[in-house]
Amino acid sequence: MTIFKISNIALGALLFTSISWSVVYGQTSLQSATPAYKIETIDIPEGLSAETGAMQFMPDGRLIACFHRGEVMTYNVTTKQWKIFATGVHDPLGILPISNTEILLIQRPELTRIKDTNGDGVADEYLTVTDKYGLSGNYHEFAFGPVKDKDGNLFISLNTASGLAGVSKEPRGWVDSSQLKNRMFSAAPYRGWVMKLTPDGKLTPYASGFRSPNGLVIDPNNNLFVTDNQGDWLGTSAMYHVKEGKFYGHPASLTWSKGWNRGNPTALPVAELDKMRTKAAVLFPNGPMANSPAQPVLDLTNGKFGPFTGQIFVGDMNRSRLMRVMLEEVNGVMQGAVAPFIDDQGLRKGNNRLVFAPDGSLWVGQNDHGWAGDKGIQHITYTGSIPIDVYKMTITPKGFDLTFTQPVNSETASNPLSYSFKHYYYEYHAAYGSNQFDVTPIKVTNVTLSADKKTVSISLEQLKAGYIYELNLTGITAQNGTPLQNKLICYTVNQLKN
Amino acid sequence: MINETNKLPVVLSIVLFFCFAINNVFAQATDSPPINITIQAKEGLQFDLARFAVRPGTNVKLTFKNADEMAHNFIITLPGERLNVLKEAQDLPAGTAVSQGYVPKSAKILFSIPSINPSESKVITFKAPAKEGVYPYVCTFPGHGYVMYGAMYVTTGRLPAIQNDLNVPESRRNDGTHDDDEHDMSAMATPKSSTTPSSHPYKVEIPTLYRVFMPNASPAAIAVNLNVNISYCWDATYSRLRYVWSGGFVDNSEHWKGNGRPIAKILGTVFYRDSTGGAIRVGDSNHIPVAEFKGYKMQNKYPQFMYTLDGADVTEVITSAQAEGQGIVRTFTFNNIKKDIYYFTQPTDGMTYSSSAGKWKNGVLKLSPKEAKKFSVTMIKK
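Residues numbered from 1 in each chain as written. Chains lettered and ligands numbered in written order. Predicted model: local features only at pLDDT ≥ 70, side-chain atom pairs only at ≥ 80, totals over all residues. Heavy atoms only, no water.

### Observations regarding the overall build of chain A
A count of helices and strands for chain A gives 3 helices and 34 strands. For chain A, the C-alpha radius of gyration of 23 Å lies close to 23 Å, the compact-globule estimate for 498 residues. Dimensions of chain A, computed from the C-alpha atoms along their principal axes, are close to 75 × 60 × 35 Å. Contacts in chain A between residues far apart in sequence, at least 24 positions, make up 60% of those at least 6 positions apart. Working note: accessible area of chain A is about 18300 Å², and carbon and sulfur atoms make up 52% of it. In chain A, which carries 44 positive and 43 negative side-chain charges, the distance between the mean positions of the two groups comes to 4 Å. (Helix = DSSP H or I, 4+ residues; strand = E, 2+ residues; numbered from the N terminus. Rg over C-alpha atoms; globule rule 2.2 N^0.38 Å. Contact = heavy atoms within 4.5 Å. Areas by Shrake-Rupley, 256 points an atom, 1.4 Å probe, with all protein chains shown as cover. Lys, Arg positive; Asp, Glu negative; His and termini not counted. Charge placed at Lys NZ, Arg CZ, Asp CG, Glu CD.)

Here it is as structure tokens:
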């Protein structure tokens, strides 16, 4: 059924595309082709407050999702039937299916293995996989993950606590009360850490310096990426390439470093903390790009979801938008660009969770969780009509190369005025967020379009490490006149290329 | 939504027409120093003041404080223009939006404070419009404006009851926090129960289990409702029963409402609290064993807790005592135990105990390894 439906859509898209071609032919028209992506809204069962905490696919193709009030439900995408799988868990925010009858689920107090042992479709076993981390009782101590690497290790991340509220009289784990006055604090062990759970069941602290790490993904090369939300010590939202033993900037978590004897880490000189930290692979400029990025998901659909295989999609809680992250390794350091992907095309806000279905479509789980956002689930399908978009942005010794998803109009693409660059940086400091500093327009000195009309090489007057290069594109169109979908792209320069 | 909005003028005009009394939430319209109004942005995308009222032409000194953990702005719009202003803010080019603090340049805006960060505050002074009306205020930071708004009433009349006031967010109409003196007790008379069928996409059946923040327990608490009249709180941090109550179950509505700061409320009366530090001792009656929680299995819909005490495997199922609402039965198993097991009680805990095995002495039940393989303790209110 599903396959039939998709080929139908694809056929329609092809027909439609050829029609628009013929319309465009005789006239310079900006008529857009069939949208590359179709968004539909999934019906939610009555009585469910669909604040989506996690979504994954079971091996048999059923969607499994969990929600704020503790429900875990499966959804048969063919029959559109929802079924209860488990209940009563505490603010679950992550799922990893093990089999058609068994999942791992992270809830506030623990990572739990939930299993239907008698085959009636409803779980009857909730086994604690690990609860070897602290719970101060502060409401902001969410737990995220797990994701699994090639070696069978699981990774979870632990949110810091909010200074807007205190801690329980009976916390689990030792409470460092010197932290309670910090805006976001780590009073109980390993808050603000990414934790590694080895296959033999041992939970160890892996990397520190996180504030609100609401999203983890591991690529096929075992690279772990974690997103984090703008706030204190985090000038703008970020995605980190996380490695063992590194510190990523929010100091509260340092309390729980092995052998820590320097008191409240947030009281250390900023310059010292700055030296200790590893910078983000990609920054999401607050405002233009994202306010609160959530789960990243890797496109491994081999084209079923369009031309962006190998890239990462990230949702945002505050905007009706997804973002697309294009990474590259320069001098051994991960960095890259981020652009809006789906923007105001019928997608709701609160895009907390993303998962690719076996058919290559993308499911989006929404959550407001007391913040901005919406509830519910939407489903994004690639129609087969190639979008006109920046496929990738890579750094060169002189500037950047932009490769488009299809050949572009030579005239506008060769015009330096089509590319408006500025650079700026965010300050690392204790205060909430950061202004943009040293905001400077950067002159484009040369633009060359490749013979296949898909890549432009842009030379810039100046290129500096430690800056975000924000590019706004104007006037670029496909050869049929369709305007570029997304005109904003921001590249985080950690390393220059020689 | 559209229907509700259409009802508004009717509701308002009726209320205003019949109410002439002057309400003390009104600011005086004079040329004397401005009246002070403080509005805080607070967690859960709310203004602490869902509405306020001033007389036409009053001088107002408005302090906007950001007590939340994210940035917010504050805009007062012309009557009926909240959503239009929101749209204009959304349509701002990215760079402009940031530099203007998400405040569009718009003729529909009366007064505004661009976005401020947590812990910051800003003051504006203005003269309230001469024209009576409901002037919405809203935060237009991306994503906030559909829920984060309120109403400035410019009027000499009275305000409608807040439960009927469509100018305040729905969540504020029935939250029991009335900001004027027109309290309608009927809205608060009925307790909100979390276990109404509408809380979940399934019919809530007893027994029911929630892992939830509970009072007087660690954050890893488990609340279980055994029958309509009896519930208990079990603590996974210590693997032990904490307390038992009769009456209703729990009200999670506040805990669920946002990001989880308010904890669950007990809808009933606690009649037993454990003060033994955990009733069970393994081998040594003077040593409180180290517990490790392993999870639970559902046995005829009742959770069977699994844990270790000083390394010994234990399971525990709690069911209602036959005298409904009067007590519980705790059934334990100890597999492969080679030591005596002790079950401690407190003489002052208000309960009468009996057991399926072992010997009681001075309120302590002693079981041989063989007896401890499976035994139950019944505890009933005195």
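This is not the end of the story, as more comes after the structure.
### Quick notes on the sheet that holds strand β32 (residues 455–460) of chain A
All names here are of chain A. Across the sheet, 4 strands lie side by side as β27-β28-β32-β31; this open sheet has antiparallel pairing. The sheet is open, and its two edges are formed by β27 (390–395) and β31 (444–449), each paired on a single side. Within the sheet, the average angular offset between the axes of one strand and its neighbour, ignoring direction, is 20°. As defined by bridge partners, β27 adjoins strand β28 (residues 399–404) across 5 bridges and the pair is classed as antiparallel. In the sheet register, K392 faces β28, and the bridge partner there is T403. (Pairing = 2+ DSSP bridges. Axes fitted to C-alpha atoms, helices over the stretch in contact; angles between N-to-C directions.)

### Brief notes about the interface of chain B and chain A
Each partner contributes residues to the interface: chain B has 52 residues there, and chain A has 55 residues. Between chain B and chain A, a total of about 4300 Å² is buried, with carbon and sulfur atoms accounting for 54% of that surface. When residues of chain B are sorted by the area they lose upon contact with chain A, E69, P201 and R211 of chain B head the list and together hold 16% of the total. Run the count over chain B and chain A and you get 4 salt bridges. Viewed at the interface, chain A and chain B are joined by 23 residue pairs in polar contact (both at pLDDT 80 or more). (Buried area = accessible area lost by both parts, 1.4 Å probe. Salt bridge = Lys/Arg side-chain N within 4 Å of Asp/Glu carboxyl O. Polar contact = N/O pair within 3.5 Å; in protein donor to acceptor, adjacent residues only side chain to side chain.)

### A word on the domain arrangement of chain A
Residues and elements named next belong to chain A. As assigned here, chain A comprises domain 1 (3–276) and domain 2 (390–493). For domain 1 and domain 2, the distance between their C-alpha centroids amounts to 31 Å. At the interface, 22 residues of domain 1 touch 13 residues of domain 2. Approximately 1300 Å² of surface area, both sides summed, lies buried where domain 1 meets domain 2, with 61% of it carried by carbon and sulfur atoms. Linking domain 1 with domain 2 are 0 salt bridges, by the criterion used here. (Domains from an automatic or database assignment.)

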